[in-house]
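A look at the structure
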Amino acid sequence: MIVKVTKPVLEIHDLTVSYGKNPILWNIDFSLPHGVLAGIIGPNGAGKSSLIKAIMGLLDVNSGYVRIFDSEMNAVRKKISYVPQRESVDWDFPASALDIVMMGTYHKLGLFKRPGKKEKELAIKCLEKVNMSNFQDRQISELSGGQQQRVFIARALAQEADIYFMDEPFAGVDISTENTIVELLKKMTKDGKTVIVVHHDIHSASRYFNWIIMLNLHLVASGPTDKVLTEELLQKTFGGKLALLSDVGDLIKQKGFDPLKN
Amino acid sequence: MTFDHNAFLIIITGALIAISCGLLGTFLILRRMAMIGDAISHAVLPGIVLAFLFSQQREGIAVIIGAGVLGIIATLIIDYLSTKIKLQHDASIGVTFTWLFAIGIILITLFAGQIDLDQDCVLYGEIAYIPIDLWILPNGTIMGPRVLYVALINVILVIFFIMYLFKELKITSFDAEFASSIGISTGIINLSLMGMVSYTTVSSFEAVGAILVLALLVVPPATAYLLTSNLKRMILYTLIIGVFTSLIGYYVAYYINGSIAGAMAGVSGIFLLFAIIYSNFAKRIIIFSKA
């Protein structure tokens, strides 16, 4: 089930991506309306991260195209923010939390220009928004996983973008960080931003997102959460394992088999 | 302790080369590319030989350009092997630089009659000859040691390079994907860094030799990395360590009457040892005070 959108902020048409010789995304075709908090869900290896990397132009695509605000990616790059997976960088890099958040202001500076007072003030404000103002001078390797993720989110905020792509922002973070980030994302979408999040937990997905994209190499579904998050589509997305479990459930119902009694 | 004109020239030249190498080496270390410096310094050999064949000059801009081009080609081959062919990154480096170095050696032997290239000189350099290798203008004016000028030009260009591209070098070293996502061309930044590394190694070879160049590219930044977790301080410490490496290395060589380049490289290793002891000691104190 793929809900078509009129006046989309993001439109992906027939996107196919491969890694080496193996295709990792097939014919992805969907669009997103303005102001949604969208979750991309699917099993491991479904191509969730690859999808947003391909949208950002970080992966070569075999076919298809991506349009954002009805333009080419490169024409609107300044309005787009990308948050890579936390594990993708070396946190022993000699930098403070503030240094990293300042990187969110670089795209506005252009070549050869250095960040100044204005950029620093913005970065400090963004650290406040993720409750990290006490850690601005802390060396990043001394931060916990949750705090590092907050620094990444603060860096994205410093970009002052209109669309945000976040790769697994809730992976390996503590529950308070997860709540802080979710509240922040909900507030951002209220303010008119569009946020797309790669997410691995189906259970929290219905609470967090008002739009769901289900992916397993192919696009399974894309639409408002209440329409899309059905058992049937989840089975289609997660395939084998869930299907097997529900088959067992059906068998138990049919035959009146109760493992607790036997 | 003696301090004469010649000592001064040698120490200053060594310090200038240490500064160029240290500035670039800092970013090589942070990109986990320390061995790329090693690879490039070998891979440039065919470029040097070809440039020499065409220009018939061992010094001069042609050799630098030849080396720079080969350095960039080496980087591209390494990138191609590791990202497109999916050979392991270290294997890609190992294959590329040995192969290019071999081509360089073959070229030297093929054109042996026409090339006055001393391989010993490339490997070990001879910093002690700096004061007698003078730059003399066509009208006979003596301008001073030629290599000192070469090192000075190199250090000025490297400082400009690092100053103007500091933010780009920093962001692509820390998070290349994010850098690409905001439209910074990580490939071009990487190639320009490798181009500067090629230029610097070749420019420094004849003065101090390959071994000291490689030591100065890696050891002072690695030492500084252990001492601080602030990038600007890491660069500052690298420069201080580099200058003292040159100064102390010279006098060590003087007293043991040994190779100056060898002594400088050896001293840089001893600085690293001190940093290891210090950083372990400091960590223990932190653990102790927290307990």
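For the structure given in this document, a descriptive report is provided here. Because the structure is predicted, anything quoted here is derived from the model rather than measured. (Residues numbered from 1 in each chain as written. Chains lettered and ligands numbered in written order. Predicted model: local features only at pLDDT ≥ 70, side-chain atom pairs only at ≥ 80, totals over all residues. Heavy atoms only, no water.)

In this section: helix α11 (residues 231–256) of chain B. Residues and elements named next belong to chain B. Its 26 residues place the ends of α11 36 Å apart at the C-alpha level, agreeing with the 38 Å of an ideal helix rising 1.5 Å per residue. The residue sitting at the N-terminus of α11 and contributing the capping side-chain oxygen is Asn 230; that oxygen lies 2.9 Å from the backbone nitrogen of Lys 232. Positive backbone phi, approximately 55°, marks Asn 257, located one or two places after α11. (Helix = DSSP H or I, 4+ residues; strand = E, 2+ residues; numbered from the N terminus. Expected span 1.5 Å × (residues − 1). Polar contact = N/O pair within 3.5 Å; in protein donor to acceptor, adjacent residues only side chain to side chain.)

All right, on to the environment of Tyr 19 of chain A then. Counting through the fold element by element, Tyr 19 of chain A comes out in strand β1 (residues 10–19). Sequence spacing of Tyr 19 of chain A and Ser 50 of chain A is 31 residues, and the spatial spacing of their C-alpha atoms is 9.4 Å. Setting aside chain neighbours within four positions, we find Tyr 19 of chain A in contact with Ile 24 of chain A together with Lys 86 of chain B. (Contact = heavy atoms within 4.5 Å.)

Residues Leu 111 and Phe 112 of chain A together with Leu 152, Ile 156, Ile 159, Phe 160, Met 163 and Tyr 164 of chain B make up a contiguous nonpolar surface patch of roughly 730 Å² in combined accessible area. Looking at Met 163 of chain B, the relative accessible area reads 38%, which means it is partly exposed. (Patch = residues over 30% accessible without salt bridge, like charges linked within 9 Å, V, L, I, M, F, W, Y side chains within 5 Å. Areas by Shrake-Rupley, 256 points an atom, 1.4 Å probe, with all protein chains shown as cover. Salt bridge = Lys/Arg side-chain N within 4 Å of Asp/Glu carboxyl O. Buried < 20%, exposed > 50% of the residue type's maximum accessible area, 1.4 Å probe, protein only.)

This next bit is on the environment of Thr 141 of chain B. By secondary structure assignment, the location of Thr 141 of chain B is in the loop between β1 (134–136) and β2 (142–145). Once residues lying within four places of it in the same chain are set aside, the contact partners of Thr 141 of chain B are Trp 135 and Ile 136 of chain B.

Glancing now at the packing of aromatic side chains. For any two aromatic rings, the description comes down to two numbers: the centre-to-centre distance and the angle of the planes. All names here are of chain B. All told, the structure shown has 11 aromatic pairs over all chains when counted by the stated rule. Summarising the aromatic geometry, the rings of Phe 27 and Phe 166 are spaced 6.2 Å apart at their centres and angled 80° between planes, so their arrangement reads as edge-to-face. Taken together, the residues span a long stretch of sequence, with Phe 27 in helix α1 (residues 5–30) and Phe 166 in helix α8 (residues 166–174) at a distance of 139 residues. Neither Phe 27 nor Phe 166 differs from the other in exposure class; each is buried. (Phe/Tyr/Trp six-rings, centres within 6.5 Å; stacked < 30°, edge-to-face > 60°.)

Another aspect to go through is the sheet that holds strand β2 (residues 22–32) of chain A. All names here are of chain A. In space, the 3 strands of this open sheet follow the order β2-β1-β4, with antiparallel pairing throughout. Single-partner strands in this sheet number two, and they are β2 and β4 (63–68). Put simply, the sheet's adjacent strands are angled 20° from each other on average, direction ignored. As paired strands, β1 and β4 are joined by 5 bridges and run antiparallel to one another. In the strand pairing of β4, Thr 16 is matched with Ser 63. Helix α1 (residues 48–56) contacts β1, β2 and β4 of the sheet and is inclined by roughly 115° relative to β1. (Pairing = 2+ DSSP bridges. Axes fitted to C-alpha atoms, helices over the stretch in contact; angles between N-to-C directions.)

The next subject is the side chain of Thr 172 of chain B. Residue and element names in this part refer to chain B. Inspection of the secondary structure puts Thr 172 in helix α8. Here Thr 172 falls in the buried class, since its relative accessible area comes to 6%. For Thr 172, the side chain forms a polar contact with the side chain of Arg 31, separated by 2.5 Å. At 2.7 Å, the side chain of Thr 172 forms a polar contact with the backbone oxygen of Glu 168. When sequence neighbours within four positions are dropped, the list of residues in contact with Thr 172 reads Arg 31, Ala 179, Ile 184, Thr 186 and Ile 189.

So, about the packing of helix α2 (residues 34–43) of chain B against helix α5 (residues 89–110) of chain B. Between two packed helices, both the angle of their axes relative to each other and the distance between the axes serve to describe the pair. All names here are of chain B. α5 packs onto α2 with a crossing angle of 20° between their chain directions and a minimal axis gap of 8 Å. Taken as axis vectors, α2 and α5 run roughly parallel relative to one another. α5 is crossed by α2, and the crossing has left-handed handedness. Contacts between α2 and α5 involve Met 35, Ile 36, Ala 39, His 42 and Ala 43 from the first element and His 89, Ile 93, Phe 97, Leu 100 and Phe 101 from the second. Each residue belonging to the contact of α2 with α5 can be placed in one class, and the counts come to 8 nonpolar, 2 polar and no charged. (Parallel < 35°, antiparallel > 145°, perpendicular 65-115°, else oblique. Left-handed = near helix turned anticlockwise from the far one by under 90°. Nonpolar A, V, L, I, M, F, W, Y, C, P; charged D, E, K, R; others polar.)

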